Amino acid sequence: MLAGLRRLEYRGYDSAGIAVVDGGAVDFRKKAGKIANLAADLEANPLPVSSTAIGHTRWATHGPPTDANSHPHVVKRAAVVHNGIIENFAVLRAGLEKEGEQFLSETDSEVAAHLLERELSSGSNLVQAMRDVVSQLEGAFTLVAVDAQDPDRIVAARRNSPLVVGVGDGEYFLASDVAAFIEHTRDAIELGQDQVVELTPEGVHVTGFDGSPAKTRDFHIDWDLAAAEKQGYDWFMRKEIFEQPKAVSDTLLGRLNERGELMLDELHISPEVLRRVNKIVIVACGTAFYAGLVAKYAIEHWTRIPCEVELASEFRYRDPIIDPMTLVVTISQSGETADTLMAIRHAREQQAKVIAICNTNGATIPRESDAVIYTHAGPEIGVASTKGFTTQVVACYLLGLYLAQVRGMKYGDEIGAILTELDAMPAHMQWVLDNRQPVLDLAEELKDAPSVLFLGRHVGYPVALEGALKLKELAYIHAEGFAAGELKHGPIALVSKGLPMFVVVPPPGRDQLRDKVISNIAEVRARGARTIVLAEAGDDDARANADTFLELPKVSTLLQPLVSTVPLQIFACELATLLGHDVDQPRNLAKSVTVE
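Keep in mind that what you see is a predicted model, and the values were worked out from it rather than measured.

*Asks:* Please explain the environment of Arg514 as it appears in this structure.
*Replies:* Structurally, Arg514 can be placed in helix H17 (residues 511-526). Other than its neighbours up to four places away in sequence, Arg514 contacts Val505, Pro506, Pro507, Pro508, Asp539 and Asp541. Only 3.2 Å separates the side chain of Arg514 from the side chain of Asp515, close enough to count as a polar contact.

Set out below in C-alpha cells:
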C-alpha cells in the first residue's frame, strides 16, 4: 500500500493514510504532510498483517491538511477513502448531525463514511450499502470502502473521477492510476461511468449503480515499472524533459501506411464526416490549452477550417455555438480533467463529433469521445507537464495533416515533406538538451529575480505563455507571457532596469514576423530590460539585440514550439531547484484536476 501511494503522490500530497481489516475491526494510520510522515508513523506503530487494505493520498478541498482531515475516514465498522467533491455534503451532514452523528473532520468525505456505516448497521451488505450511499450523493467522486465484519471484500464506486482495476495472480487492486499497481500486474480493467466494483478473493464483479450488469474493457499496460522511476535523475520532471525526443518519436511511430498516406488508427470517424466539418473547437486547460493554441495556427494553415481554442472551464458556461458540423478536439494528458470531461459531454449533447488527444489508455475522456489520438508518451509523474505538452502538439499536427489529407487541401508529397521534418524533430530536441549549459547558467544568474516576462509572436506566443506558466508553477515567482505585438498596448509599462525578458524569435522564413519581434527586443532593451533571446542559430540580427542568446536548431515556423519550449522547461526546473523547491510536487497543485 505504501509503495502504491508513493507512486500516486504526484496526484495529491497534503496527507496520506492506510486502513486494514483485522480481527473484525478496522485499524488505521493517517498523517498530514507527505507520505514520508505516514511511513514514519507506520514504522513506529505498525499495522497488523492483513490481505485487505485501502489507502489514500490527499489534495485538500474541504478542510486544511490535518491528521483529522486525512483519509481513510473510519466510522465504527466502515472505512472509506474518497477522491472528488460531494457537492451536497453540507445538507447531508446537517441531517446526520441532527440524528446524533458526531463528525471528527471538516471534510465532505466523512459524510460518505457515516452514510455507509448507517446502511451496514441496518443490515445491508457492503455492495448494497455502497449503492444506497451513491444514490444520495451529488458531484464527482470515487469511493473505496471496507467493512470490518466482511474482511475479504473491497467495494468501490466511481462517478466523474478516475478508477481502474488491476488483475494480478490471485490478487486484485483498485487505484486512480495504474502506476500504483504496475509493480504487481500490467493487466487492468477499465471501468465505466456510474459503476460499482467488488473485489473478493474469487475475482472482480462490476455492476451499475442500480445493480444492473455493467460493461467493462480489459487492457494491457504497455510500459513497465522502470518508466515510472527516476532512473538517476533528481526530479521526475527533469527525467521527463530528457525523455521528450523519444516521446515525440513514439507519438509519430507507425502513422504511415504502405502507400505513404497518413493513418491515425485510433481515429474511428469516417472521412466523409470529417469532410463536412466547417468549424473546429479545441478545448483544454492549462498547458494543454497552450498546446491547443499552437495547434490552431497549424490546423488553420493546413486545412483552412476555422479553429477556435477554448478554456474547458469556460466552454459550456458561455453557451458556445456547437452543432453536428463542428469537430471538438479535447486535449488532456491524464484523460480525467473534470472541466474537459464536462465540455465533452456538452459538445456531444449538441451532436458534435469529439476527438480526444490523450496519453492515458483507459481514461474517461477518450472513452467518452468519438475517437482518440493517443500520444504514447509514457507516464508523466511531474506535476508540471513537459513531454505531455510536446507530444500533444505533435498529435495536433498529425490531426491537422490528416484533416488536410482527407479534405484534399494538401497533396501527398506536401504532407510527406512536413512528416519528414517532424521525424527530424527528436534529433533537434536532443540537440537543445545536449547544449543546455547556457540555460543552466542563466538560472543561476536569475535565481533572485522577482519577476520574469516572456514575449512571443505567432506560435511563439503560446510558447511564451507556457514558459511563464512553468516558472509560476515551479519557482513561485511572478511571470507573464505576452503576444509581442501587444507590447506597446500596456505590457511595456512593466519593463524596468534589469527585468529579465525571454523573447522567442520566429525563424527567418517568416521575415515580416521576425523583423517585428526583433524591433520589440530593441524597444525593451532600450528601456533597461535584460533580453534573453531564443532564435535560430546564425540569426545575427537577433543575437545583436540579446544580452543572452540561446540558439535553436533551424526548423520551420509552425514546428518551432517543439524546440523553443525545451529551454524554458529546463530554465524553470533548474531555477526551482536552486531555490530549494519541490519540483515534482509544487505547492497547491495536483497532477490531474478531477473536480471542477
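*Asks:* Explain the pairing of strand S21 (residues 500-504) to me, please; I cannot follow it from the model alone.
*Replies:* The side chains of a regular strand alternate, residue by residue, between the two faces of the sheet. Burial analysis of S21 places five of its five residues in the buried class, the great majority of the element. Of the pairings in the sheet, the one linking strand S19 (residues 451-456) to S21 comprises three bridges and is parallel in character. Within the sheet, the bridge partner assigned to Leu455 lies in S21 and is Val503. By the bridge criterion, five bridges tie S21 to strand S22 (residues 530-536) in an arrangement that is parallel. Paired with Val503 across the bridge in S22 is Val533.

*Asks:* Mind showing me how you'd approach the nonpolar core here?
*Replies:* Soluble globular proteins: nonpolar side chains tend toward being buried together. Ranked by size, the top nonpolar core spans 95 residues in total, and within it Ile280, Leu471 and Phe502 carry the most contacts. When residues of this core are assigned to their parent elements, the largest contribution, 13 residues, is made by helix H13 (residues 387-406). Contacts of Phe502, omitting those with residues within four sequence positions, involve Leu442, Val452, Leu453, Phe454, Leu455, Ile532, Leu534, Leu550, Leu568 and Phe571. Counting residues in hydrophobic clusters, the runner-up holds 28 residues, among them Met130, Val134, Ala145 and Val196.

*Asks:* Teacher, can you tell me more about the pattern of salt bridges here?
*Replies:* Side chains that differ in charge, positive against negative, can pair when their charged atoms come close. Within this structure, the stated rule accounts for 35 salt bridges. Close ionic contact of Arg29 with Asp27 constitutes a salt bridge, the shortest N to O distance being 2.9 Å. Owing to a relative accessible area of 26%, Asp27 belongs among the partly exposed residues under this scheme.

*Asks:* Looking at this structure, I do not really get the sheet that holds strand S2 (residues 25-32). What am I missing?
*Replies:* Backbone-to-backbone hydrogen bonds join strands into a sheet, with any given pair of strands oriented parallel or antiparallel. Ordered by their spatial adjacency, three strands build an open sheet running S2-S1-S3, and the pairing between neighbours is antiparallel. Looking at which strands have only one partner, the edges of the open sheet turn out to be S2 and strand S3 (53-58). Averaged over all pairs of adjacent strands, the angle between strand axes in this sheet comes to 10°, irrespective of strand direction. Both strand S1 (residues 15-22) and S2 contribute to a ladder of eight bridges, which runs antiparallel. If you follow Ala16 over to S2, its bridge partner there is Lys31. Running over the sheet, helix H2 (residues 35-44) touches S1, S2 and S3 and is turned about 135° from S2.

*Asks:* What am I meant to see in the side chain of Thr340 here?
*Replies:* Note that Thr340 resides in helix H11 (residues 338-349). The buried category is assigned to Thr340, whose relative accessible area is 0%. Thr340 has contacts with Val283, Ala284, Cys285, Ala312, Thr330, Ile331 and Ile365, leaving out every residue within four places of it along the chain.

*Asks:* In this structure, what is going on with H2? I would like to understand it.
*Replies:* Residues spaced three or four apart along an α-helix face the same direction, because each turn holds 3.6 residues. All of the buried residues in H2 are Ile35, Leu38, Ala39, Asp41 and Leu42. End-on, the buried residues of H2 take up no more than an arc of 165°, which puts them together on one face. Facing away from the buried side of H2 by more than 90 degrees, the exposed set consists of Ala36, Glu43 and Ala44. Buried residues along H2 sit in contact with helix H1 (2-7), S1, S2 and S3.

Conventions used here
Residues numbered from 1 in each chain as written. Predicted model: local features only at pLDDT ≥ 70, side-chain atom pairs only at ≥ 80, totals over all residues. Heavy atoms only, no water. Helix = DSSP H or I, 4+ residues; strand = E, 2+ residues; numbered from the N terminus. Contact = heavy atoms within 4.5 Å. Polar contact = N/O pair within 3.5 Å; in protein donor to acceptor, adjacent residues only side chain to side chain. Buried < 20%, exposed > 50% of the residue type's maximum accessible area, 1.4 Å probe, protein only. Pairing = 2+ DSSP bridges. Core = buried A, V, L, I, M, F, W, Y, C linked by side-chain atoms within 4.5 Å. Salt bridge = Lys/Arg side-chain N within 4 Å of Asp/Glu carboxyl O. Axes fitted to C-alpha atoms, helices over the stretch in contact; angles between N-to-C directions. Arc of directions from axis to C-beta.

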